[in-house]
Amino acid sequence: MSDEPLKKNEKGREQEGGQNCFSRQQIVLTPFLVVALLSLIATARAADDRLNVVFCCDTQNDLYRAMTADGTSYPRHDSAKEAIDAAGASAAVLILADGYPQKTTRIDPTAFERAAKKRLRLYVEYPASLPDVEVGRPRRTRIERAVVTSDLFGRELARLRIVAINGLHLVPVAVEKSHIVAARVAGFDTAVFGLPERTDPILFEHPRGNLLVSTTKLSHFVTGRYAPQDAWKGIWHAVFGWLCPEAKPAELTWEPIVRPAYGRDEVLPKDAQRRALRRGVEWFRKSKLLLHPSRLEEVTRAARADGLAPTPAADAPIGDGSLGILEAPQSIIQHDGSQLQSVARRGDCTGESAMAIALAGKVFGDPQMSKIAENLLDFWYFTSDACKRERGDPNHGAYGLIAWGITTPAWYTANYGDDNARLLMGSWATAALTGEDRWDEPMMRCLLANLRTTGQLGFRGGRIDVPALGKQGWEPFFRREIVNPWPHYEAYLWACYLWAYQQTGYELFYQRAESALRLTMEQYTDGWRWTNGLAQEKARILLPLAWLVRVKDTPEHRAWLRKAFDGLVALQQPCGAIREELGLPGRGSYAPPASNEAYGGNEASLIQRDGDPVCDLLYTTNFALLGLHEAAAATGDKQMIAAENKLAEFLCRIQVRSRRQPSLDGGWFRAFDYRRWEHWASNADAGWGAWAIESGWTQGWITAVLAMREMDTSLWDLTKESRIERHFDKYRRQMLPDEP
C-alpha cells in the first residue's frame, strides 16, 4: 500500500454540447473516429471540470499533489508575481508556504494590487506581510488546537468544531473575524467550554476582499498529519468553494501517511496475526528506542531539560539493549509528521519490552532478538542503579524494591507497585523463553519487598517513595489496614502474589491477594477509584481474578471472574474495540479537563464525555487483551475466547502502517476512533496523548499476547516452570523474619 496522497475525485459541471457541426450526410463515423471523438469530448469535459486556479508552490506541496494526482494539470509557478500575471479572468491564485515553518511567505506589495486590478481571488499562507494588516513574527504553539468559528464550512463543520494542525506555527495578526482560530480548548470533537479569551486567527478574509489568508500552512495537511481526515476534506471543500464560487469545488481524497493497517471490513490475510506480530516486534528496532551509544550524550542532555528528543533518522544505528530502552514516542507531532520521544528509561517498559522481543524471537527463531531481551534485563537489574544504593541495602526500608526509572532523581525515588509488577511479569516470561535464571534473585527480593510494604488487607497504595521508607522503614506499611479498591495501582501486584504463591506455597502471598480481591469485588465498581477512566480499571482486574481461579478454582472465584468479564465485555463494540468509559465524578485522578485552561496541563482521559467513540491502548485495551487471554486460558470459557479473538483481530486491523514515518510503522497509538476508523481523540494528556506509543505498556503487552496466541500458550503456563522458589527461604528469613 502506498503512502502517497495522490487521489482526487472532482465533482465538476459537465458542459452541455452545442449544435453538432457534423451530419450523417457529411461524415461516416467509423469505429476509429468514434473513439477519437469520445476522447475529444472527455478531454473537453475534463478541461471544463478543472477549477480555474493557479498555484504558486513547490511541486511537492501536499495540496498541489492531491489536486493533480488523477492526471489533471493546473498551472504552477515558482513566484507569486508569475502566478498572478499568468492567471486569467475570474481565476483564483493559491500562494502556498514553501518555506514553512522556517521562512514566512514574502509577497511584493504590488502583487496584491495587480491581483485586485485583475479581480483575482487569492489564497495566501503564512505571509510575512499583508496590506493594511500588521503581521507579527512567527511563533510555535504547543497546546492550541484549531477551532471553527464561522459558518463557512457548513453544518458538518459547525462552529466550535476542533481539528488538529500538528506542529502548528503561525504568524500573529489582529483581525475582527476569522473562520478558524487557534485556541487552548477542551473537548473531543467540539470545544465544550466555548472559546477562551486568547485566540489566534488561522483563516480569515482580508478586509480588502477577494483575499483569504491562512496564518499557517494549511496545505501541509498530509505531511503534517492534520486530523481528523473528514474535517480536512470539509475545510478544503469550503476553501475552494470560496476561491471558485461559480464552480463545484474539488472533493479531495488522500491516503494518510500514517494510518491503520487494514480497513474496518477489509478481508484479512490468513496470517494477519503473525504479520502484526512481526511488524510489532520490528517496531522496537524501527522506533530507535533501543538506546545506542552514539545517542547517549543527547539523551542525557534531554533528560536534564524537558525529557524529550527528536526521533533519529531511519538509518541511525540501533542499540542492542545493553543501555536499555527509551519510553515512547510521545503525542507531540512535529510539522514534518515525526514525533518527539520521551527519553525516560523505566523498569516496567524494560521488562515488558524484553518479554515482547523474547517472545517474538521464539516465534520467529531469531536469536538476536533473544539476546536483546537478555541485554535489557541485564542492564536494568545489574548495570543501572535501579536495584542499587538504598534498594540494595538490606538495612534500608526500600531494600529489594526496584526504581520506577533512572532518568532523573524524581524517577529514581519513586516505588510504584504496579510498575514493579509489570517488570516482574515481563522478566518471568523472558527468563522462561531464554532459559536463564540469573534474574531470579532480584525478582524474589522484589516480590518480598512489595509484599512487606502491602498492608494487612492486601492493599499497598499507589506509590511509596524512598525517603518515606528511609525514615519509617517497611514495618508501618506492612502493619497498616488501608482499603484501596483501585485496580490500576493494585491489581497486577495481586496477580504477582498469586503467581508467587503458586511457586512458593507461601500463604501470605495468597492471603493478601485474596483479601484485597474480595474487598474490591464487593465494591464493583461504584466503590472503586479510577485513573483516566473506569474502563481501564475493569480491564486490569481480569488478570488477578483469572490467576485466582488458577490457584483456587472455587465457584465464588469463578463468579468474581464472570462478573468482571461481563462488565468489560459490555463495553466491547461490534468491531472489537473496547469503548472508553468514565467512572463516578470525584473518584477519578485524571478526568477529562474541566475547563479550557486545564487542557494539556496534566494526565487525562482520551474522551471528554461518555459515548465518545474511542478506545485507549495505553490504559485499557492492551490490558484487556492480556486479561481476556489469561481468563480464557484459565477457564476455557467460549465467551471469553470469543471476546479475546474479536479484540485481537481489531488490534491487527488498527496497527500503524507508515512508510514515510518508519519509526511509527508497526506500532499501536494510544487512541483510536473506531467510528471514523482513524487515530483520533482528545489530546488533553500532557505527553501521553492520542498518538503516544508506550514501548512497554502498549507495544510490549499487545505484541506479547499476539506471540503467546501464536504459540498457543498463556503467561501463566509459559512461566510455571520457573526456578525462582529456590531463593525464597533465604530472602523470606531476611526480609520478613517475624512472619512464618
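Nothing here was measured: the structure is a model prediction, and the numbers come from that model.

(A) Representation of the sheet that holds strand E7 (residues 145-148). With mixed pairing, the nine strands of this open sheet are ordered in space as E3-E2-E4-E5-E12-E11-E10-E7-E8. In the strand order of this sheet, the two ends are held by strand E3 (76-77) and strand E8 (162-163), each with one partner. Where E7 meets strand E10 (residues 180-183), four bridges bridge the pair, whose relative direction is antiparallel. Bridged to Val 147 within E10 is Val 181. Of the strands in this sheet, strand E2 (53-56), strand E4 (92-95), strand E5 (121-125), E8, E10, strand E11 (200-205) and strand E12 (211-214) are in contact with helix H5 (residues 229-243), which crosses E5 at around 140°.

(B) The arrangement of the sheet that holds strand E17 (residues 339-342) in detail. An order of E15-E17-E16 is seen for the three strands of this open sheet, with the pairing classed as antiparallel. Each end of this open sheet is capped by a strand with a single partner; those strands are strand E15 (308-309) and strand E16 (328-333).

(C) Region of interest: the packing of helix H8 (residues 347-364) against helix H22 (residues 695-711). Across the interface, H8 lies against H22 with an axial gap of 8 Å and an inter-helix angle of 25°. Overall, the two elements H8 and H22 adopt an arrangement that is roughly parallel. Once H8 is placed against H22, the crossing between them reads as left-handed. Along the contact surface, H8 presents Asp 348, Cys 349, Glu 352, Ser 353, Met 355, Ala 356, Leu 359, Lys 362 and Val 363, while H22 presents Ser 695, Gly 696, Trp 697, Gly 700, Trp 701, Thr 703, Ala 704, Ala 707, Met 708, Glu 710 and Met 711. In terms of residue class, the contact of H8 with H22 is made up of 11 nonpolar, five polar and four charged.

(D) Region of the structure containing H5. Given a rise of 1.5 Å per residue, 15 residues ought to cover 21 Å, and the 21 Å separating the end C-alpha atoms of H5 matches this to within 8%. Of all the positions in H5, only Gln 229, Ala 231, Trp 232, Ile 235, Trp 236, Ala 238, Val 239, Phe 240, Trp 242 and Leu 243 are classed as buried.

(E) Looking closely at H22. For H22, a buried count of 14 out of 17 residues is recorded, marking the element as mostly surrounded by other parts of the structure. Asp 712 sits one or two residues past H22 and shows a positive phi near 55°.

(F) A look at the environment of Ile 724. For Ile 724, the location among the structural elements is in the loop between helix H23 (715-719) and helix H24 (728-735). Distance in space between the C-alpha atoms of Ile 724 and Ala 564 is 30 Å, their sequence separation being 160 residues. Beyond its immediate sequence surroundings of up to four residues, Ile 724 is in contact with Trp 428, Asp 440, Met 443, Met 444, Leu 447, Trp 499 and Gln 503.

(G) Examining the packing of aromatic side chains more closely. Applying the stated rule across the entire model yields 31 aromatic pairs. Between the aromatic rings of Trp 404 and Tyr 416, the centroid separation amounts to 4.9 Å while the plane-to-plane angle is 70°, which identifies the pairing as edge-to-face. Here Tyr 416 lies in the loop between helix H10 (409-413) and helix H11 (417-434) and Trp 404 lies in the loop between helix H9 (367-383) and H10, a separation of 12 residues in the sequence. Taken as a pair, Trp 404 and Tyr 416 share a single burial class, namely buried. The ring of Trp 486 has Arg 529 lying over it, and the distance from NZ or CZ to the ring centre is 4.4 Å.

(H) The arrangement of the pattern of salt bridges in detail. Counted by the stated rule, this structure contains 53 salt bridges. A salt bridge links Arg 346 to Glu 327; the shortest N-O distance between them is 2.9 Å. Within this pair, whereas Arg 346 is found in the loop between E17 and H8, its partner Glu 327 is found in the loop between E15 and E16, the two being separated by 19 residues in sequence. The pair Arg 346 / Glu 327 is uniform in exposure class, with both members buried. Where Arg 438 meets Glu 374, a salt bridge forms, and the shortest distance between an N and an O atom there is 3.1 Å. Of this pair, Arg 438 sits in the loop between H11 and helix H12 (440-451) while Glu 374 is found in helix H9, placing the two residues 64 residues apart along the sequence. Taking the relative accessible area as the measure of exposure, Arg 438 reaches 29% and is therefore partly exposed. Sharing partners across several salt bridges, the network here consists of Glu 327, Arg 346, Asp 348, Glu 352, Asp 418, Asp 419, Arg 422, Arg 540 and Glu 694.

(I) Main features of the side chain of Arg 279. As for its placement among the helices and strands, Arg 279 is situated in helix H6 (residues 272-286). Setting aside its immediate chain neighbours within four residues, Arg 279 contacts Ala 261, Gln 655, Val 656, Arg 657, Asp 665 and Gly 666.

(J) Summary view of unusual backbone geometry. Cis peptide bonds are those with omega within 30 degrees of zero, and the linkage from Ala 227 to Pro 228 qualifies with -10°. In this fold, Pro 228 is placed in the loop between E12 and H5. The backbone of Asp 132 shows a phi angle near 65°, a positive value even though the residue is not glycine. Within the secondary structure layout, Asp 132 lies in the loop between E5 and strand E6 (139-140). Residues other than glycine seldom take positive phi values, yet Asp 712 does so here, at roughly 55°.

Calculation criteria
- Residues numbered from 1 in each chain as written.
- Predicted model: local features only at pLDDT ≥ 70, side-chain atom pairs only at ≥ 80, totals over all residues.
- Heavy atoms only, no water.
- Pairing = 2+ DSSP bridges.
- Helix = DSSP H or I, 4+ residues; strand = E, 2+ residues; numbered from the N terminus.
- Contact = heavy atoms within 4.5 Å.
- Axes fitted to C-alpha atoms, helices over the stretch in contact; angles between N-to-C directions.
- Parallel < 35°, antiparallel > 145°, perpendicular 65-115°, else oblique.
- Left-handed = near helix turned anticlockwise from the far one by under 90°.
- Nonpolar A, V, L, I, M, F, W, Y, C, P; charged D, E, K, R; others polar.
- Expected span 1.5 Å × (residues − 1).
- Buried < 20%, exposed > 50% of the residue type's maximum accessible area, 1.4 Å probe, protein only.
- Phe/Tyr/Trp six-rings, centres within 6.5 Å; stacked < 30°, edge-to-face > 60°.
- Lys NZ or Arg CZ within 6 Å of the ring centre and 35° of its normal.
- Salt bridge = Lys/Arg side-chain N within 4 Å of Asp/Glu carboxyl O.

The analysis is restricted to geometry; functional conclusions fall outside its scope.
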